[in-house]
Amino acid sequence: MDEVSDQAPAHTLPARELIESESDVSFRIGKRFSFDAAHHLVGLRAGHKCARPHGHTYTVEVVLAGEELVGPGFVTDFGDLKPLGEYIDGHLDHRDLNEVLDFPPTSERLAQHLAEWFVENVEPNIDGRLVAIRVSETPATWAEFAVGERPAS
Ligand SMILES: [Zn+2]
């Protein structure tokens, strides 16, 4: 018997078969963008500090999933996410969010807005699908808009 063939190749670990037997296997990737902007929130209790105009260095994290990898082994090429960065830079960076958005600029609503923009403008041109967008105003906080499963396009 050929000595090589009765041994699994070094790159196929024993756990692989077990892992791949799961029906809901998927890979996830994330990319982080950031921008600086001002905002204030209305409808808060008197004296709430967020009612006053102030600024944040926002972080936007986009999370994508894919059941199958493409190319050398990508969910999608990170470079293909560039349009989201361009949208953020062009429309949100160094802006007053109350002026440029037509909804109260909380992190939650901002995450939803960016998810909608991404699904409409980026997702049709990439592999993988959007799972969530997470927006942070500070390093200690985040708000996430999770996107449900959609039929493959
Ligand atoms: Zn704020």
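This text follows the structure it describes.
Report follows, based on the coordinates.

About the cut-offs
- Residues numbered from 1 in each chain as written.
- Predicted model: local features only at pLDDT ≥ 70, side-chain atom pairs only at ≥ 80, totals over all residues.
- Pairing = 2+ DSSP bridges.
- Helix = DSSP H or I, 4+ residues; strand = E, 2+ residues; numbered from the N terminus.
- Contact = placed C-beta atoms within 7 Å.
- Axes fitted to C-alpha atoms, helices over the stretch in contact; angles between N-to-C directions.
- Buried ≥ 20, exposed ≤ 12 C-beta atoms within 10 Å, placed from the backbone.

**Some points on the sheet that holds strand β1 (residues 27-39)**
Then step 1. With respect to topology, 5 strands assemble into an open sheet ordered β3-β1-β2-β4-β5, the strand pairing being mixed. Since the sheet does not close on itself, it has two edges, and those belong to β3 (95-96) and β5 (143-146), each with one partner.
Then step 2. Relative to strand β2 (residues 54-66), β1 runs antiparallel, the two being bridged by 13 bridges. Across the sheet, residue Ser34 finds its bridge partner in β2, namely Thr59.
Then step 3. Its contacts with the sheet put helix α2 (residues 82-91) on β1 and β2, and the angle it makes with β1 is roughly 10°.
Then step 4. Those strands touched by helix α4 (residues 107-121) are β2, β4 (129-136) and β5, and its axis lies near 150° from that of β4.

**A look at the pairing of β4**
Then step 1. The element β4 is extensively covered by neighbouring structure, given that 6 of its 8 residues are classed as buried.
Then step 2. Note: β2 against β4, 7 bridges, orientation antiparallel. Among the inter-strand pairings, Thr59 is bridged to a residue of β4, identified as Ser136.
Then step 3. Pairing of β4 with β5 involves 4 bridges; the strand directions are antiparallel. The partner of Ala132 across the bridge, within β5, is Ala146.
Then step 4. Taking the residues between adjacent antiparallel strands as the criterion, β4 and β5 are bridged by 6 residues.

**Things to note about the environment of Pro83**
Then step 1. Here Pro83 lies in helix α2.
Then step 2. Residue classification places Pro83 among the partly exposed residues on the basis of 14 C-beta atoms within 10 Å.
Then step 3. Taking C-alpha positions, Pro83 is 8.2 Å from Asn121, a pair spaced 38 residues apart along the chain.
Then step 4. When neighbours within four sequence positions are excluded, Pro83 is seen to be in contact with Asn121 and Val122.

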